[in-house]
Structure formats: structure tokens, C-alpha cells
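For reference, the chains in residue letters:
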Amino acid sequence: MSTAVSSDISTYVRVGAAGALGAVTLLWAGLAYPGLFQAGTVLLVISLVPLARGLGCRAGAMVGLLLGILWVAARLGFDHSVSVASLLSEVNVIVIAAMMTIGGLAGSLFGSMPGADTHGQAAVDTASARVSQRADRTSEFEATWREALVRHREWLTGWDRESSPWTSFDNHVRELLRLMSDMRRIRCYRVSESGALGPLGQENPKGGVELPSQDLLTHVVTTGRRFVAGTASAGPLIQQLANGATSPVMWAVPIRDHSRSIGLVTAEGSGQPINESRLDLAADFIEEIWLHVHHLDLLRTARSTDRGSGLINRTDFLNLFKDTLEQCYQSHEPVVVMVVCLEGLRGLDDASQWSKRDALIEAVGQTIAKCIRKDDLVGRFSDAQFVALLRRLDVPLAELICRKMLGSIAKVISDCELATWITPRAGLSGSGFSKPPAEALLRHAIAALQKARTQDVLLVSQAPQVLEEVSRS
């Protein structure tokens, strides 16, 4: 199209130039023959139109001015006595004004030549390019967030709501942040009620946690303020805390549940220049999904927890008991089942001592939980019975642990002024080298407890040999 337009313009210029040359010739010949001067004037006006075409109003008027001057020069001829008055005569002024008007109209009414509005077109092209780039960035942004939402929905669908989510959620958060913010070396921490930091993916970390910047992260967790290195939001003193770390932190985001920090996300590098608004948006998203999972996990824990003792309820304990026992057998770990009973608890109900009863159940539950290890399993089996699965133990060692636990429980009972009402007793059964089923272990531990009551002793142990005979039979 541009080639055709350029060809048309060249044709107009050639026709106009030829007509103007012929017109000037007729004008000068008109000095001898007045009729030719009139014909030259008409041809000059006609030639002005194609010459001024496409030049715009101002350039067309200038072409009209030049042709008007040529007309005046031809009219005056070779008269050496030309005066200013003759040059600025009324006829000459009218003709020049008319030629400029015709040229200006021809230049504006018959379009513009390519390149005549180069700057305007360039501005339009630049604006179009900016709009296109902005649209591309918007499309990329929408695609990124759509992908993040899809991944989070898939993760939520894959969580069975029965097990702890935090190991999987740790990996999930880091993958989402790499997608949304291009941050690198991302770490997620859980924050205890005392403010101590621990890896999110580990329920019970062994040893201390090495932090990239202890002072900075303590400040972030305590104040609940986010940190982005090198931005206006990070004051000079806060930046000084970050610079003093062995591994500089570029980004730190506290996860807040009401007024307390429950989690922390840090990053030590970025593949692109820092975009603070994009980081804030990513932090808002991560905080929302973290709180969502946190509350769901609290609900999961509440559903499986006995409200009176704070331990696992019987239904969930039995399910976990079978799974944990199977894992122990696969790892060739000996186990011991311990049943603890608060004998005489029902008498508190009969005496309407409900508040003391509830306080005692809670205190005993906490005492048992403190006396066993973190990977052992303990729950409230019935109103007055507590059951624990002790891993990697034989019966003799379990007896020592159980007797110490019964002493702690007796002290709790004494502190509650219920020593004349309640007597703690326990029964043990061990797997030994055999692999008896879960029901057999529980049944023989309860039988040992009944034997302790009959014999009026605090503890009776069921030997592994008895279980081996039961399993063979």
C-alpha cells in the first residue's frame, strides 16, 4: 500500500511541476501577447493544486506564495523602474493571498504525504508498543496467578485431612513463591508461643535451628513487619541488621494469626530486580493460605483430641495405634503397650466433685504426655483409662519408666487433694521378638491391669512369652 501511495504522489508532483513550468512560460510570453498571460495565470493556479497536494496547510501555503511571487515577477516584466508601491499594489497582494489560500487548502484537503507526520506516527507507534507490552505483562501476571491457584487447589485436594500437613505444605509454599516472585533459597519456619523458630517441615527438629539472620528475623517475628532489602520500607537501622548477618536476607515475611506470629518465610536471593509490590502480593497470598491450613489443622487436632485430657481420643488412637504398630514391626522395633487407670474416679462423680475430677483428668493427661517421648503414642481410652504405645522398648525398661510415671501421677493426685479417693495403677504388655496384633497387645495390657487390681499392686507386666504363645495358638 505504501508503494502505491508513493507512486501516486510522484505522479502529482510531476504533473504539477510540468504545469507550473508551462504556466511560467506563458506568463513571460504574455508580455508580448496579453492573451497568453491570462492563460498562464489559469494554468499556474491549476498547477498549484497537485504541487501542494499532501504537504499540509502550511507547506501548501508556502508553495502558493512562491508561485504568487513568480506571477508578480512575470506581470512586472523587465521594468527597471519598479517601485515598492507597484510591488505592493492591490492586484499583486490579492493574487498572492489567493495563491497562498489555494495552496493551503490543497495541502490540507487532499491528504498528507507519508512522512509528513512522522513524529505523530512515531508517538502513536510508541504508545501502541507500550499498550502491547502492558497487555503482555498483564497476561503473564494472570497466567502466573492462575497457575498458583490451580496448584494450591490440587494440594488441598491431595491432603487427607487426617495427617499433619506441614511437611508437604513447606514444599508447597516454596514452589509457589518461586513461581510468583522468582525468589531463591526460600525457607519456611514455624514460630512457637515463646517465639522460638523451627523448620516448618519438621514437627520435632533435633538440635538447634541455624538462622541466616537471628537479629533481623527476631525483629520481624516480634513486630510483625515485613522486610524487603534495599527498599524505602526498610529503614537504615533495619537494613544494618540484615547486613550484619552471615547469610544476608533479602525478604522476610511473618505469618500472623491475629496479634501473634505463627510462621515465617525468608528468601536470600532473587533472579530478577526486586519488585516490592509483586512481593507484597505474593506475601499476602502465602499468608492467607498458611492461615487457612493452620486453622484446618487446628480443627483436625481438635476433632481427634479428648477435651478433658488433651490427649488423642479412643477412635483416632486405635487408627493411629494400628498404623504405628505396623511401622514398628517393619522396622523390627519392639514395643510395649501401657494402660494406666485412675481407680476410684467414678466416686468423684457420685460425690458431685466434677470440677476436681475435670482438673485431675487434665493434669494427669499432661503428666503422661510429658513422661513419654515425642514419637510415642498416647491417648485417653475410656473415662478413667489412658493407653500409650512405647516404641523401641522392652518390658523391663518400660517398667522403670512406668513406675516413675505413676509416681508423678500420684503427686498430681496429692496436689489435687484426692489421694484418699484415687489410686493410679498400670498394666504392661510387650511384643518382644514376636509381632502380635494390636488387639492382642491391648487385651493383655488390660488383663495385666486387672491383675494389678486383684493383687492390690500398682503395676503388673505381661511377659512377652505369654503373647508368643497366644499368637501361635
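Description of the structure in this document. (Residues numbered from 1 in each chain as written. Predicted model: local features only at pLDDT ≥ 70, side-chain atom pairs only at ≥ 80, totals over all residues. Heavy atoms only, no water.)

## Some details on the packing of helix 11 (residues 314-330) against helix 15 (residues 438-455)
To keep things clear, this is the line we draw: Note on definitions: angles span 0 to 180 degrees between N-to-C directions of axes, and those axes are lines fitted to C-alpha atoms, for helices only across the stretch in contact. Each helix is a run of DSSP H or I of at least 4 residues and each strand a run of E of at least 2, with the numbering of both proceeding from the N terminus. What sets the label is the angle itself: under 35 degrees gives roughly parallel, over 145 gives roughly antiparallel, 65 to 115 gives roughly perpendicular, and the rest give oblique. Any pair of residues with heavy atoms lying within 4.5 Å of one another is described as a contacting pair.
Two numbers describe how helix 11 lies on helix 15: the axes approach to 10 Å, and their chain directions differ by 110°. If you check the angle between helix 11 and helix 15, you find them roughly perpendicular. Between helix 11, through L318, F321, K322, L325 and Y329, and helix 15, the contact on the second element is made entirely by A438, E439, L441 and L442.

## Quick word on helix 13 (residues 354-371)
Residues spaced three or four apart along an α-helix point in a common direction, a consequence of the helix completing one turn every 3.6 residues. Note the cut-off: In a helix, the anticipated span is given by 1.5 Å times the number of residues less one. Remark: exposure states derive from per-residue accessible area (1.4 Å probe, protein chains only) relative to the maximum for the residue type, with buried under 20%, exposed over 50%, and partly exposed in between. Note that the arc is computed from the directions linking the helix axis to the C-beta atoms.
Taking 1.5 Å of rise per residue, 18 residues should cover 26 Å, and helix 13 covers 26 Å from first to last C-alpha, within 8% of that figure. Looking at helix 13, one finds that the buried residues are R357, L360, I361, V364, G365, T367 and I368. Summarising the axial view, the buried residues of helix 13 lie within an arc of 165°, below the 170-degree limit, and thus occupy one face. Pointing more than 90 degrees away from the buried face of helix 13 are the exposed residues S355 and K370. On the buried face of helix 13, the contacting elements are strand 6 (335-343), helix 12 (345-350), strand 7 (377-380), strand 8 (385-391) and helix 14 (395-415).

## Things to note about the sheet that holds strand 9 (residues 423-430)
What counts is decided by this rule: By this definition, two strands are paired if DSSP reports at least two bridges between them.
In spatial order, the strands read 7-8-6-9-10; together these five strands make up an open sheet with mixed pairing. Unpaired on one side and paired on the other, strand 7 and strand 10 (459-462) mark the two borders of the sheet. Averaged over neighbouring strand pairs, the angle between their axes works out to 15° when direction is ignored. Direction of pairing for strand 6 relative to strand 9: antiparallel, over a ladder of eight bridges. Looking across to strand 9, one finds that L342 is bridged to P424. Across the sheet, helix 13 touches strand 6, strand 7 and strand 8, and the angle it forms with strand 8 is around 5°.

## What about empty space enclosed by the protein?
Empty pockets left among the atoms are what a rolling probe the size of a water molecule brings to light. Applicable threshold: Grid points spaced at 1 Å and placed over the protein atoms alone form the basis of the search, with a cavity being a set where a 1.4 Å probe fits but cannot get out and a pocket an open set showing protein on both sides within 12 Å along at least five of seven lines. Lining residues have an atom within 4 Å of a point. Grid points are joined across faces, edges and corners, and a volume is the space filled by probe spheres set on the points. For this classification, Asp, Glu, Lys and Arg are treated as charged, while Ala, Val, Leu, Ile, Met, Phe, Trp, Tyr, Cys and Pro are nonpolar and the rest, including Gly, are polar.
The final tally for this structure, using the stated rule, is one cavity of 30 Å³ or more. Estimated volume of the largest cavity: approximately 40 Å³. Together, F141, T144, W145, M180, R278 and A282 line the largest cavity. Broken down by secondary-structure element, the contributors of at least two residues to the lining of the largest cavity are helix 6 (118-158) and helix 10 (276-304). For the lining of the largest cavity, the element with the most residues is helix 6, which contributes three residues. Among the residues making up the lining of the largest cavity, the classes are represented as four nonpolar, one polar and one charged.

## Points about the pairing of strand 9
The condition that has to hold: With the strands pointing away from the viewer, any crossover whose connection runs clockwise from the first strand over the helix to the second is right-handed.
Extensive coverage of strand 9 is indicated by the burial of seven of its eight residues. Here strand 9 pairs with strand 10 via four bridges, running parallel. The residue bridging S429 from the neighbouring strand is Q462, located in strand 10. The parallel pair strand 9 and strand 10 is bridged by helix 15, and the resulting crossover is left-handed.

## A few points about the sheet that holds strand 3 (residues 227-228)
Ordered in space as 2-1-5-4-3, the five strands form an open sheet in which the pairing is antiparallel. Two strands lie at the open edges of the sheet, namely strand 2 (197-199) and strand 3, each paired on one side alone. Note that strand 4 (residues 251-257) and strand 5 (residues 260-270) share seven bridges and pair antiparallel. Residue pairing across strands places R256 opposite S261, the latter belonging to strand 5. Contacting strand 1 (183-191), strand 4 and strand 5, helix 7 (residues 166-181) runs over the sheet at an angle of about 145° to strand 1.

## With respect to the nonpolar core
Note the following rule: As used in this record, nonpolar core signifies buried Ala, Val, Leu, Ile, Met, Phe, Trp, Tyr and Cys residues forming a set joined through side-chain atoms within 4.5 Å.
Membership of the largest hydrophobic core comes to 50 residues, with the highest contact counts inside it found for F321, L342 and L360. Counting 32 residues, the second-largest nonpolar core is a separate cluster that includes V173, W251, I289 and L296.

## Some thoughts on the side chain of T266
Residue placement: T266 occurs in strand 5. We classify T266 as buried; its relative accessible area is 0%. Setting aside its immediate chain neighbours within four residues, T266 contacts R185, I186, R187, Y189, L217, V249, W251 and A252.

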